[in-house]
Amino acid sequence: MGGRKRSSRERPQGGRQQRNDRSRTGERVEMNPAIHIENLRKTYPAAWRKPAKEALRGVSLAIGEGETFGFIGPNGAGKSTLIKILIGTLRPTAGEARLFGRPVSDAAARRGLGFVPENPSLQEFLTPYEILLMGLRLHGAKVGDERRHCLAWLERFGLGAVADSPLRGFSKGMMQRTALAHALAVKPRLLILDEPLSGLDPVGRKDVVDILDEYRGAGGALFFSSHVLHDVERIADRFGLIHQGELLTIRSPQEIAADQTGRYVLRYRGGALIEGSREVRADIREVEGDSSDLAGMLVRIHAAGGILQEVKPAMSLETVFFRTISSAPADASPFAREDR
Ligand SMILES: Nc1ncnc2c1ncn2[C@@H]1O[C@H](COP(=O)(O)OP(=O)(O)OP(=O)(O)O)[C@@H](O)[C@H]1O
């Protein structure tokens, strides 16, 4: 942590120390990127009354040191399968996965890797402090005063007051925050997070996004999965969309934003309904219009006695993203409704 924070515009895509090598997918990549995946396939074998399942169908991807990559996809798309292969707990059926140039089957590849699964299961008789301390020792992280280091991270995640209380009785969000603190405390050069915000309340989500943004600003590589684009769009340098085991597209937030249609929704409170507006909740109204008419809409809302609450693009980023890579109508988007 620490160090000067860079904005996503300052940061080169693909992370720092980029060279002009090209992968088979045509991306500029480093010699030893944080993650390198080549034509990865995974088929779960058939089981009793269950046919074989092709969960990954030839995924190729390179993520540079210092890059933040969001892996987005609906339920069952293959996100967790790919993450399990990356952390070495699942063997691919075919293809190759490397961390910092080493095959994931090599234990040394995982040195400096911080990982948080979707539903972390932590030993309930341990305290958050003990969990973090174990992580430091396992990773051989050199931090000076271990207790102070661990407590600083626990405080960062709002767990300072319960640092020495057994995890028994912790809420799902507190477990998630303990697991995230554990992953960050080991000073990882690569963080892999499966649905890092699941189980967190809105305040917890914002805190975690801020902490991840800081980690990313200090140059760490981050690979996270999510089915909610909205929460994590701020921190990713690139997003990959996976659907039915195939990586359909990779885009930057800037490219996604450029795909917006130029139509906006203005939400206002009170006053009268203006032409084209509709009441979405008691006393809350929305009107949609073209960006060229934004000023006009504001004037009409003001004249009707309304108070502006929000201006947002007419389509959610998730809808734009999905439309970009698919001819499916927006309504058929398989993503979580949370993002709307
Ligand atoms: N152990 C398993 N045996 C058989 N099929 C599996 C197994 N694990 C996952 N699958 C199947 O593989 C596909 C991909 O699952 P995966 O868990 O990777 O998706 P996901 O994108 O992480 O989904 P979610 O967002 O719901 O966690 C799904 O169809 C799932 O049912």
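An unreviewed UniProt entry annotates the chain as ABC-2 type transport system ATP-binding protein of Rhodocyclus tenuis.

A. Structural view of the sheet that holds strand S16 (residues 307-313). One open sheet accounts for four strands, arranged S14-S15-S13-S16; its pairing is antiparallel. For this open sheet the edge positions go to strand S14 (278-281) and S16, each flanked by a neighbour on one side alone. Pairs of neighbouring strands in the sheet enclose a mean axial angle of 30°, with direction left out of account. Pairing of strand S13 (residues 263-269) with S16, which is carried by six bridges, proceeds in the antiparallel orientation. Along S16, the bridge assignment pairs Tyr268 with Leu308.

B. Quick look at the side chain of Glu286. Within the fold, Glu286 resides in strand S15 (residues 284-290). Among the polar contacts made by the side chain of Glu286, one reaches the side chain of Arg267 at a distance of 2.7 Å. Sequence-distant contacts of Glu286, defined by excluding residues within four places in its chain, comprise Val265, Leu266, Arg267, Gly276, Ser277, Arg278, Val280 and Lys312.

C. Structural view of helix H3 (residues 146-156). His149, Cys150, Trp153 and Leu154 are the residues of H3 that are buried. Seen along its axis, H3 keeps its buried residues to an arc of 130°; they face one direction. Exposed side of H3, more than 90 degrees from the buried face: Arg148 and Glu155 are the residues found there. Those residues of H3 that are buried lie in contact with helix H2 (128-139), helix H4 (172-185) and helix H5 (202-217).

D. Inspection of the confidence of the model for the chain at higher detail. Residues of the chain with pLDDT of at least 70 account for 83%, and the chain-wide mean is 83. Between residues 1-29, whose pLDDT stays under 50, and residues either more than four places distant or in other chains, the model counts 66 contacts. In this model, residues 328-340 is a region of pLDDT below 50 whose contacts with residues beyond four sequence positions or in other chains number 31 contacts.

E. Examining the environment of Glu38 more closely. Assignment of secondary structure puts Glu38 in strand S3 (residues 35-44). For Glu38 and Gly95, which are 57 residues apart along the polypeptide, the C-alpha to C-alpha distance reads 5.7 Å. A polar atom in the side chain of Glu38 sits 2.9 Å from the side chain of His36.

F. Region of the structure containing the sheet that holds strand S11 (residues 238-243). Across the sheet, which stays open at both edges, the six strands sit in the order S8-S9-S10-S5-S11-S12 with mixed pairing between neighbours. The strands lining the two open edges of the sheet, one partner per strand, are strand S8 (113-116) and strand S12 (246-251). The sheet shows a mean angle of 15° between the axes of neighbouring strands, direction not considered. Two strands pair when backbone bridges link them, and S8 and strand S9 (residues 190-194) are joined in this way by four bridges, in the parallel orientation.

G. Quick look at the pattern of salt bridges. Taken as a whole, this structure holds 17 salt bridges when the rule is applied. Its salt-bridge partner being Asp213, residue Arg216 comes within 3.2 Å of it at the nearest N-O pair. A residue pair is termed a helical-turn pair when its members lie 3 or 4 positions apart in one helix, as Arg216 and Asp213 do in helix H5 at three residues. Take Arg216 and Asp213: they sit in the same class, and that class is buried. Across the pair Arg263 and Glu288 runs a salt bridge whose closest N-O atoms are separated by 2.9 Å. Residue Arg263 is located in strand S13, and its partner Glu288 is located in strand S15; the two are separated by 25 residues in the primary sequence. On the accessibility criterion, Arg263 (32% relative accessible area) is partly exposed. Through salt bridges with shared partners, a single ionic network connects Arg267, Arg278, Glu286 and Lys312.

H. Molecular detail of the packing of aromatic side chains. The tally for this structure, following the rule as stated, stands at three aromatic pairs. Ring centres 5.9 Å apart and planes at 5° place the aromatic pair Phe69 and Phe223 in the stacked group. Of this pair, Phe69 sits in strand S5 (residues 68-72) while Phe223 sits in strand S10 (residues 221-226); the two residues are 154 residues apart in sequence, bridging distant segments of the chain. Given a relative accessible area of 0%, Phe69 falls into the buried group.

Rules behind the numbers
- Residues numbered from 1 in each chain as written.
- Predicted model: local features only at pLDDT ≥ 70, side-chain atom pairs only at ≥ 80, totals over all residues.
- Heavy atoms only, no water.
- Pairing = 2+ DSSP bridges.
- Helix = DSSP H or I, 4+ residues; strand = E, 2+ residues; numbered from the N terminus.
- Axes fitted to C-alpha atoms, helices over the stretch in contact; angles between N-to-C directions.
- Polar contact = N/O pair within 3.5 Å; in protein donor to acceptor, adjacent residues only side chain to side chain.
- Contact = heavy atoms within 4.5 Å.
- Buried < 20%, exposed > 50% of the residue type's maximum accessible area, 1.4 Å probe, protein only.
- Arc of directions from axis to C-beta.
- pLDDT = per-residue confidence, 0-100.
- Salt bridge = Lys/Arg side-chain N within 4 Å of Asp/Glu carboxyl O.
- Phe/Tyr/Trp six-rings, centres within 6.5 Å; stacked < 30°, edge-to-face > 60°.

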